[in-house]
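Observations on the three-dimensional arrangement
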Amino acid sequence: MSNIEIRNHPKYYDIYISGPQDNLKLYTKNLVPGRSIYGEKLQSFRGVEYREWDPYRSKLAALLLKNPTSNILAKDLNCLYLGASSGTTISHLSDIVKEGVIFGVEFATRSIRQLVQNTSERANIIPILGDAIFPASYAKAIYTEIDLVYQDVAQPNQAEIAVDNCNYYLKTGGMLILAIKSQSIDSLAKIDKIYSQEKKILEKSGFEIIESMNIDKFAEKHIVLIAKKKST
Ligand SMILES: C[S@@+](CC[C@H](N)C(=O)[O-])C[C@H]1O[C@@H](n2cnc3c(N)ncnc32)[C@H](O)[C@@H]1O
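These notes cover the structure that comes with them. None of these values were measured; they are calculated from a predicted model. (Residues numbered from 1 in each chain as written. Predicted model: local features only at pLDDT ≥ 70, side-chain atom pairs only at ≥ 80, totals over all residues. Heavy atoms only, no water.)

On to the state of the cysteines. All told, the structure shown has zero disulfides when counted by the stated rule. No disulfide involves cysteine 79; its sulfur sits 12 Å from that of cysteine 166, the nearest cysteine. Under the relative-accessibility criterion, cysteine 79 is labelled buried at 0%. (Disulfide = S-S within 2.5 Å. Buried < 20%, exposed > 50% of the residue type's maximum accessible area, 1.4 Å probe, protein only.)

With 14 residues, helix H6 (residues 191-204) should reach 20 Å at 1.5 Å per residue; the first-to-last C-alpha distance of 20 Å fits that figure. By the burial criterion, the buried members of H6 are Ile194, Tyr195, Glu198 and Leu202. Taken end-on, H6 shows its buried residues confined to a sector of 100°, consistent with a single buried face. Opposite the buried face of H6, by more than 90 degrees, sit the exposed residues Asp192, Lys193, Lys200 and Lys204. Buried residues belonging to H6 abut helix H4 (158-169), strand E10 (170-181), helix H5 (182-185), strand E11 (207-214) and strand E12 (222-229). Positive phi appears at glycine 206, one or two residues downstream of H6, with a value of about 95°. (Helix = DSSP H or I, 4+ residues; strand = E, 2+ residues; numbered from the N terminus. Expected span 1.5 Å × (residues − 1). Arc of directions from axis to C-beta. Contact = heavy atoms within 4.5 Å.)

Surveying the vicinity of the ligand reveals 17 residues, the closest of which are Tyr81, Thr89, Glu106, Asp131 and Gln155. One of the side-chain N or O atoms of serine 85 is found 3.4 Å from an oxygen atom in the ligand. The contact in question runs from a nitrogen atom of the ligand to an N or O atom on the side chain of aspartate 152, over 2.9 Å. Considered on its own, the ligand offers 600 Å² of accessible surface; in the complex 86% of this is hidden by protein. Of the residues in the shell around the ligand, the class split is six nonpolar, six polar and five charged. (Near = heavy atom within 4 Å. Polar contact = N/O pair within 3.5 Å; in protein donor to acceptor, adjacent residues only side chain to side chain. Areas by Shrake-Rupley, 256 points an atom, 1.4 Å probe, with all protein chains shown as cover. Nonpolar A, V, L, I, M, F, W, Y, C, P; charged D, E, K, R; others polar.)

Time to look at the nonpolar core. Within the largest apolar cluster, 38 residues are counted, with the highest numbers of intra-cluster contacts made by Ile15, Trp53, Leu63, Leu93, Ile102, Leu148 and Ile177. Among the elements of the structure, helix H1 (59-65), strand E6 (79-82), helix H2 (88-96), helix H3 (109-119), strand E9 (146-151), E10 and E12 are those that each provide at least two residues to this core. Per-element tally for this core: the top contributor is H1, with five residues. Contacts of tryptophan 53, omitting those with residues within four sequence positions, involve Ile15, Leu26, Tyr27, Thr28, Tyr38, Ser58, Leu60, Ala61, Leu64, His92 and Ile96. Listed in part, the 31 residues of the second largest apolar core include Phe103, Cys166, Leu176 and Ile185. (Core = buried A, V, L, I, M, F, W, Y, C linked by side-chain atoms within 4.5 Å.)

Bringing the pairing of E9 into the picture now. Across the six residues that make up E9, a large majority, six, are buried. When E6 meets E9, the two strands line up parallel, connected through four bridges. Directly across from tyrosine 81, in E9, lies its bridge partner tyrosine 150. As paired strands, E9 and E10 are joined by five bridges and run parallel to one another. Following the sheet pairing, valine 149 is matched in E10 by leucine 176. (Pairing = 2+ DSSP bridges.)

Written out as C-alpha cells, the structure reads:
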C-alpha cells in the first residue's frame, strides 16, 4: 500500500478521488479492509483503506468520470443489479450503499460462483442465479422495494429487459442506470440510431431520460443512460 492523497469527490456521495482534474482516479472506501476483489489497488490514507475504481473495468466508474449532473448514489439505496458478473462493479456499489441491500442477478454459473466467493464478506450483497429476461423468476429472493436498478447485461434487447425488471421491482420515482452496448443490439446499424431506438423504448414505457453519457473512452461503443420511473 502506498500513501497518496485521497480527497472527497466534490459532488458524489461517498466517492473519493486523487490526482489532477484531467486525470482523476476514483476510489470507494473498502467495506472489507484488506480484501481486493479484481486486483484493484488498495490505498491507505489517514487510517482509512480505499479501493481504486477502474473505469476501464466498470461502466459505473466510467459514468462518474463523465461527471453526470444527477447525484444518484446514497448510503441507504436498495438496488437491483442485473448482470453482476464476478463482482467488479457491484463490490464498489456495496462500499457505497452501506445501509441498503443489493440484489445481484447473474445467469452464468461460473460468474455467480466467483461472485459468491468474492463477496461473501459483504452482507449487503445478495447474489441471485437468475435470468434477467424473466424478472418474476427471482421474485422470492427480492424482499424489498427497489430504489435503483443498475443493468449491464450486453443483450440484444437491453431496454426491454430493463423495463420489464423496473415494472416488476422499481418504485415510482426510482432510478434506472442502463449501460447500452450498441454492438450487442446490432453490429451493422448506425450507432446513434440504436441509441435513440433504446431511449424511445424507455420513454414509451414511462421513463424520463435524465442523462445520456457516452463512455466510449472507457468502453467502446457504449452509452450509459440515467432514467427515472415516472408516476403513471
Ligand atoms: C458486461 S458483463 C457485466 C460486468 C459487471 N456489470 C461489472 O461491471 O462488474 C455482463 C454480464 O451480464 C451477464 N448476463 C448477460 N445476460 C444476462 C441475463 N439475461 N441475465 C443475467 N445475467 C446476464 C453475463 O453473464 C455477464 O456476466
